[in-house]
Amino acid sequence: MPDDRVKRPYWTALQITAIVLLLAFLVGILVSERRRTAADLTLVRAETVTVEERISAVGYVFRAETVLETDRAGAVRYARADGDAVAAGELLFTAFEGDADARAVGEILAAELELWRRLAAAERPWQEAYFEAYEALMAICTANGAENRVIEAEALLAALQRQEADAEMIRVRIVSLEQEFDALVADANGSTESRAPADGLFYRNVDGLEEVLTPAALTGLTPAGLQELLNAPRGDANAAGKLAAGGATLAVAVKETVAESFIVGNIYPLLLDGAKVPLLLPLLDCSAADANGDMLLSFSLPVAYATTRRISVSLPGESHTGLRVPMAAVESEGEELFVYVAMNGKAERRRLSTVLYRDGYCLAAATGEMGYLAEGENIVLTARRLYEGKALK
C-alpha cells in the first residue's frame, strides 16, 4: 500500500495559500465597493426657498394716434426718423405723384437710407446700429415683394459681418441711395407736404388699428371684445405715417383666476418681449369677465415701450415657499412620498408634503410634524438602496 504521508504537508500549504489569496481578493472587492459607494453618496441640506411663478400672456397697446394720409400714390421722402418727437407744424414727409410700384420702391429706399444714416451717426459699434434697423428693412422689402432688394441687403449684411464698416463706405452708400431716390422723385408730376398736426411721436408704419385701439375703446372692453376689434377690417391704405400723442395703455388678457390676485392701483413687475429686467407698471383697471372666463388687465405703459402694437408679456404669478428637495432623492410607497436623511451615520426616513414640482426638484412644506422633513436636515442622495437604520459609512 503506497505511503503518501510525505505529500500531505505539500497539499496543506497549497490550500492555505489559495485561501489566503481568495480572502485578499474578497477584501479588495469589499474595500473597492465601499469606496465606490461612499463616493456615490451625497448629502443635500434641506433649505427653505421661495419660487415665483410667471404667467405668459399677450398685450396690446392702446393710445391716441392720428393717421397721416396722402393723396399721392408715388414715393414718400421722410423728413423725420421713426419714433422722433416732433412739434406741431414740423415737416414730417413729402409725398410725390406716381404709381404703386414707385411708392413701394420709395418705401424701401427711405428705409435703407435711414439705416445708413443711423450707421453714420452711431456712436456705438456699427454692428449694433445695423441690426437695430435690419429687421424693419426686411419687413418692408418682404411686404412689397421686393425679393431682389432682400437678396441685396442680405449680401450686404454678410459683407459687413466679414469686415469693419468705414465712414467712406457708409458715405458712398448714402449718396448712391439719395441719387436713386432723387431719380424716382424726378419722374413725379407733383408733391404734397405733410406736417405734424400737434406735438407727439412720429411713426412711419401704420397697422390699421390706430382708430380702433384708442383709450376710449378700453371702457367696458373685455378680452372677447378686444378680439372682435382685432378681427375687424382695416383700412388706411394711403397712410404714410401716424402721430402718437399722450401716454399709452397695455391691455393684457388673462384668466379670471389669475386676475383675482391683481389689485387696481398696485404696481407689478412685468417682463416685456422677453426682457430680463422687469418693468414696474401700475394697474389702471380690471375688466369684467367675458363668457370664456377671461378678464382684461390695463397697465399704464411708458411711451418709450409703446413702439409696437402687440407685446409678449410675462406677469407675476403665485409665490410658493418650501424646502427644496432633489427629485432624485424622492421615493414613494403607495401614495406616500419620502426621502432619507442622515442622522448619526444612519439613514432615517422622512415624509414629504409637497407643494410644487419643478424640473429636477420639488418644494416640500416644513410642517414641523414628527416624521416629516425639517429645515436643516441632510437629505441623502445616492444610487444605493436605502432603508431605515442603514449605516451610511
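Residues numbered from 1 in each chain as written. Predicted model: local features only at pLDDT ≥ 70, side-chain atom pairs only at ≥ 80, totals over all residues. Heavy atoms only, no water.

Counting secondary structure elements, the protein contains 7 helices and 18 strands. By residue count, 38% of the 393 residues in the protein fall in the buried class. Pairs at least 24 residues apart make up 74% of the contacts formed inside the protein by residues separated by at least 6 positions. Here the protein has roughly 22,500 Å² of accessible surface; of this, 54% comes from carbon and sulfur atoms. (Helix = DSSP H or I, 4+ residues; strand = E, 2+ residues; numbered from the N terminus. Buried < 20%, exposed > 50% of the residue type's maximum accessible area, 1.4 Å probe, protein only. Contact = heavy atoms within 4.5 Å. Areas by Shrake-Rupley, 256 points an atom, 1.4 Å probe, with all protein chains shown as cover.)

One finds Leu250, Leu270, Phe299, Leu301 and Leu315 to be the most contacted residues of the largest nonpolar core, which totals 23 residues. Within the residue set of this core, elements represented by two or more residues are β2 (48-69), β8 (239-255), α7 (256-259), β9 (267-272), β10 (279-286), β11 (294-301) and β12 (310-326). Ignoring anything within four residues of it in the chain, the contact list for Leu250 reads Gly59, Tyr60, Val61, Leu270, Leu272, Leu297, Ser298, Phe299, Leu301, Ile311 and Val313. (Core = buried A, V, L, I, M, F, W, Y, C linked by side-chain atoms within 4.5 Å.)

Pairing within the open sheet is antiparallel, and its 3 strands lie in the order β3-β5-β6. Strands with a single pairing partner mark the edges of an open sheet, and in this sheet they are β3 (76-78) and β6 (191-195). Ignoring which end each strand starts from, the neighbouring axes of this sheet average 20° apart. By the bridge criterion, 3 bridges tie β3 to strand β5 (residues 91-96) in an arrangement that is antiparallel. (Pairing = 2+ DSSP bridges. Axes fitted to C-alpha atoms, helices over the stretch in contact; angles between N-to-C directions.)

So, about the packing of aromatic side chains. A full pass over the atoms with the stated rule returns 5 aromatic pairs. The interplanar angle of 80° and the centroid separation of 6.5 Å between the aromatic rings of Phe262 and Phe299 together place this pair among those described as edge-to-face. Separated by 37 residues along the polypeptide, Phe262 in the loop between α7 and β9 and Phe299 in strand β11 bring together distant segments of the chain. Both residues of the pair, Phe262 and Phe299, count as buried. Among the aromatic residues, those joined into a ring-pair cluster are Tyr78, Phe93 and Phe202. (Phe/Tyr/Trp six-rings, centres within 6.5 Å; stacked < 30°, edge-to-face > 60°.)

Residue placement: Lys242 occurs in strand β8. Polar contacts involving the side chain of Lys242 include one to the side chain of Glu65, which spans 3.4 Å. Apart from residues lying up to four places away in sequence, Lys242 is in contact with Glu65, Thr66, Val67, Leu68, Leu201, Phe202, Tyr203, Asn205, Val206, Glu210 and Arg309. (Polar contact = N/O pair within 3.5 Å; in protein donor to acceptor, adjacent residues only side chain to side chain.)

This next bit is on helix α6 (residues 223-231). Structurally, the α-helix is built with 3.6 residues per turn, so residues lying three or four positions apart point the same way. Buried within α6 are the following residues: Pro223, Gly225, Leu226 and Leu230. Across the axial projection of α6, the buried residues extend over an arc of 155°, all falling on one side. Of the exposed residues in α6, those oriented more than 90 degrees away from the buried face are Glu228 and Asn231. Structurally, α6 contributes buried residues whose contacts are with β2, β8 and β11. (Arc of directions from axis to C-beta.)

What follows covers unusual backbone geometry. One non-glycine residue, Asn344, lies in positive phi territory at about 55°. Of the residues examined, Asn344 reaches a relative accessible area of 80% and is grouped as exposed.

Our focus in this paragraph is the environment of Leu272. Assignment of secondary structure puts Leu272 in strand β9. For the pair Leu272 and Gly59, spaced 213 residues apart in the sequence, the C-alpha separation amounts to 9.1 Å. Ignoring sequence-local partners within four residues, the contact set of Leu272 consists of Leu250, Leu279, Leu301, Tyr305, Ile311, Ser312 and Val313.

A few words now on the pattern of salt bridges. Inspection of the entire model under this criterion finds 16 salt bridges. Of the charged contacts in the structure, one is a salt bridge between Asp294 and Lys255, with a shortest N-O distance of 3.2 Å. Here Asp294 is found in strand β11, whereas its partner Lys255 is found in strand β8, with 39 residues between them in sequence. Taking the relative accessible area as the measure of exposure, Asp294 reaches 17% and is therefore buried. The salt bridge involving Glu336 is made with Arg349; its shortest N-O contact spans 2.9 Å. With Glu336 in strand β14 (residues 336-343) and Arg349 in strand β15 (residues 346-351), this residue pair connects regions lying 13 residues apart in the sequence. Each of Glu65, Asp207, Glu210, Lys242 and Arg309 takes part in a single network of salt bridges with overlapping partners. (Salt bridge = Lys/Arg side-chain N within 4 Å of Asp/Glu carboxyl O.)

One ladder, built from 3 bridges, connects strand β4 (residues 84-86) with strand β7 (residues 200-203); its direction is antiparallel. Its bridge partner being in β7, Ala85 is matched across the sheet by Leu201.

On the basis of relative accessible area, Phe299 is assigned to the buried category, the value being 0%. Between the alpha carbons of Phe299 and Leu281 there is a distance of 6.1 Å; along the sequence they are 18 residues apart. Excluding residues within four positions of it along the chain, Phe299 makes contact with Ala248, Thr249, Leu250, Val252, Phe262, Tyr268, Leu270, Leu281, Pro282, Leu283, Leu284 and Leu315.

Moving on to a nonpolar patch on the surface. A cluster of nonpolar side chains, contributed by Ile19, Leu22, Leu23 and Leu26, occupies part of the molecular surface with about 380 Å² of accessible area. By the secondary structure assignment, Leu22 is in helix α1 (residues 8-40). (Patch = residues over 30% accessible without salt bridge, like charges linked within 9 Å, V, L, I, M, F, W, Y side chains within 5 Å.)

This next bit is on the environment of Ala196. When you line up the elements, Ala196 lands in the loop between β6 and β7. Since its relative accessible area comes to 5%, Ala196 is described here as buried. Considering only alpha carbons, one finds Ala196 and Gly89, 107 residues apart in sequence, at a separation of 5.0 Å. When residues no more than four places from it in sequence are discounted, the contact partners of Ala196 are Val86, Ala87, Ala88, Gly89, Glu90, Leu92 and Leu243.

Keep in mind that these numbers describe shape and distance, not what the molecule does.
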